[in-house]
Amino acid sequence: MRLWSSTRLTASDVGEDAEEIPAQCALVPADSVAGRSLVIVIAIMTFLAALAANVAILVADASVEWRGDIAREATVQVRPVMGRDLEADVRQAAEVMRQTPGVSEARVYAKSESEALLSPWLGQGLDLSELPTPRMIVLRLDPDNGVDLDRLRMELERAVPNAVLDDHHVFIERLGDMARAAVAMAALIFILILAAMAVAVASATRAAVATNREIVEVLHIVGAADSFIAREFQRRFMALGLRGALIGGGGAIAFFVLAQFIAERWRATGGGEQMEAMFGDFTIGWSGFIVIALLAGTVAVLTGYLSQFIVLRHLQRLG
């Protein structure tokens, strides 16, 4: 759609001699301050939305891995009781565990190792030899051969009354709740970012319509189809949205690649190992890149169709 820029159009200007006016320009300017500002806003919003989406994916994947690792382990706590031989009880409990189908390994913690487990709460350098410290047995469960934990708990109680089996189900449920809350928060942030982007696009479209109000109204009066006028805005804003989405999506990909590079360098340190154990290695994989690409395409399409919808509503009000 081309309009004459050498003069402001009115209804009387549209006649058989209109084609003699030389200068032409697009209905929606190809490059303007408002257009560049919208590209910047869309780029920032796309970058933040890509971060939120992939952080949610990373947290969900890490949660599945955490719960899988924890579910493959169980612990037996043998408490010291007056009149019983603690070492004999530990050996008896370990023997019961090893004879149970589905338990691939039963590792008995030495007294010093059990005492070391209390260091984070009691501090370092304390003499715990006089304290009645429970002894720990860590069980490795075979995921291919399920173990009946209720039956195992009954057999253990019958053989060693002062032993307690913990399958960590409470911790697994809490960990799952925490991960779901983190994913829900990231999803909420993602939705708010898209809503803010939609508001910015709507404001930019209304500003473009207001700037070209006389031209749009004249075209409407002389019989130009509303869909034809709206498509001009749609094409222009879709191009602006695609440009901003590509910039923001490219920035998000660069961020994750850089984060992965730094994590690999930092992995050898103690802090890096702890961070990797808690949050993963910031590797989003092909699925993360596909999410970013789909997000960029969705942002461009939504930008175009939202602008088209706003222009159509404006033309409908003109009657």
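Refer to the structure presented above.
About the thresholds
- Residues numbered from 1 in each chain as written.
- Predicted model: local features only at pLDDT ≥ 70, side-chain atom pairs only at ≥ 80, totals over all residues.
- Heavy atoms only, no water.
- Helix = DSSP H or I, 4+ residues; strand = E, 2+ residues; numbered from the N terminus.
- Buried < 20%, exposed > 50% of the residue type's maximum accessible area, 1.4 Å probe, protein only.
- Areas by Shrake-Rupley, 256 points an atom, 1.4 Å probe, with all protein chains shown as cover.
- Pairing = 2+ DSSP bridges.
- Phe/Tyr/Trp six-rings, centres within 6.5 Å; stacked < 30°, edge-to-face > 60°.
- Axes fitted to C-alpha atoms, helices over the stretch in contact; angles between N-to-C directions.
- Parallel < 35°, antiparallel > 145°, perpendicular 65-115°, else oblique.
- Left-handed = near helix turned anticlockwise from the far one by under 90°.
- Nonpolar A, V, L, I, M, F, W, Y, C, P; charged D, E, K, R; others polar.
- Patch = residues over 30% accessible without salt bridge, like charges linked within 9 Å, V, L, I, M, F, W, Y side chains within 5 Å.
- Salt bridge = Lys/Arg side-chain N within 4 Å of Asp/Glu carboxyl O.
- Contact = heavy atoms within 4.5 Å.
- Polar contact = N/O pair within 3.5 Å; in protein donor to acceptor, adjacent residues only side chain to side chain.

## Brief notes about the overall build of the chain
A count of helices and strands for the chain gives ten helices and six strands. The buried share of the chain, taken over its 319 residues, is 35%. Surface summary for the chain: the accessible area is close to 18600 Å², and the carbon and sulfur share equals 62%.

## Observations concerning the pairing of strand S3 (residues 73–78)
On a regular strand, each side chain points to the face opposite its neighbour's, so the side chains alternate between the two faces of the sheet. Pairing geometry for S3 and strand S5 (residues 135–141), over six bridges, is antiparallel. The residue of S5 that forms the bridge with valine 76 is isoleucine 137. Bridge count for S3 against strand S6 (residues 163–166) is four bridges, and the pairing is antiparallel. Residue pairing for S6: glutamine 77 is matched across the bridge by valine 164.

## A word on the packing of aromatic side chains
In this structure the tally under the stated criterion is three aromatic pairs. Ring geometry for phenylalanine 47 against phenylalanine 255: centres 6.2 Å apart, planes inclined by 85°, an arrangement best described as edge-to-face. In this pair, phenylalanine 47 sits in helix H1 (residues 33–71) while phenylalanine 255 sits in helix H8 (residues 226–266), placing the two residues 208 residues apart along the sequence. Given a relative accessible area of 39%, phenylalanine 255 falls into the partly exposed group. Each ring, one from phenylalanine 255 and one from phenylalanine 256, has its centre 5.5 Å from the other, and the planes form 80°; the classification is edge-to-face. By the ring-pair criterion, three or more aromatic residues cluster together here, those being Phe47, Phe255 and Phe256.

## Remarks on the sheet that holds S6
One open sheet accounts for four strands, arranged S4-S5-S3-S6; its pairing is antiparallel. The strands lining the two open edges of the sheet, one partner per strand, are strand S4 (103–108) and S6. The mean angle between the axes of side-by-side strands here comes to 20°, regardless of whether they run parallel or antiparallel. Here S4 pairs with S5 via five bridges, running antiparallel. Bridging from a neighbouring strand, valine 103 pairs with leucine 141 of S5.

## Brief notes about the packing of H1 against H8
Between H1 and H8, the least distance of the axes is 7 Å, while the angle of their chain directions is 45°. By the angle between their axes, H1 is oblique relative to H8. Relative to H8, H1 is oriented so that their crossing is right-handed. For the contact of H1 with H8, the per-class residue count stands at 15 nonpolar, eight polar and one charged.

## Some remarks on a nonpolar patch on the surface
On the surface, Met185, Leu188, Ile189 and Leu192 cluster together into a nonpolar patch covering about 380 Å² of accessible area. Here methionine 185 lies in helix H6 (residues 169–211).

## Structural notes on the pattern of salt bridges
Under the counting rule described, the total for this entry stands at seven salt bridges. Here glutamate 73 makes a salt bridge to arginine 140, at a shortest N to O gap of 2.9 Å. Separated by 67 residues along the polypeptide, glutamate 73 in strand S3 and arginine 140 in strand S5 bring together distant segments of the chain. Using a relative accessible area of 33% as the deciding quantity, one classes arginine 140 as partly exposed. For aspartate 89, the salt bridge identified is with arginine 84, shortest N-O distance 2.9 Å.

## Some thoughts on the environment of glycine 176
Residue position: glycine 176 is located in helix H6. Once the C-alpha coordinates of glycine 176 and valine 64 are considered, the two residues, 112 residues apart in sequence, prove to be 8.3 Å apart. Apart from residues no more than four positions distant in its own chain, glycine 176 is found in contact with Ser63 and Arg67.

## Details of the side chain of serine 307
Tracing the backbone through its elements, the reader meets serine 307 in helix H10 (residues 285–318). Excluding its chain neighbours within four sequence positions, the residues that come into contact with serine 307 are Thr205, Phe233, Gln234 and Phe237.

## Thoughts on the side chain of asparagine 162
With respect to the helices and strands, the residue asparagine 162 is situated in the loop between helix H5 (149–159) and S6. A distance of 3.2 Å separates polar atoms of two side chains, one belonging to asparagine 162 and the other to aspartate 89.

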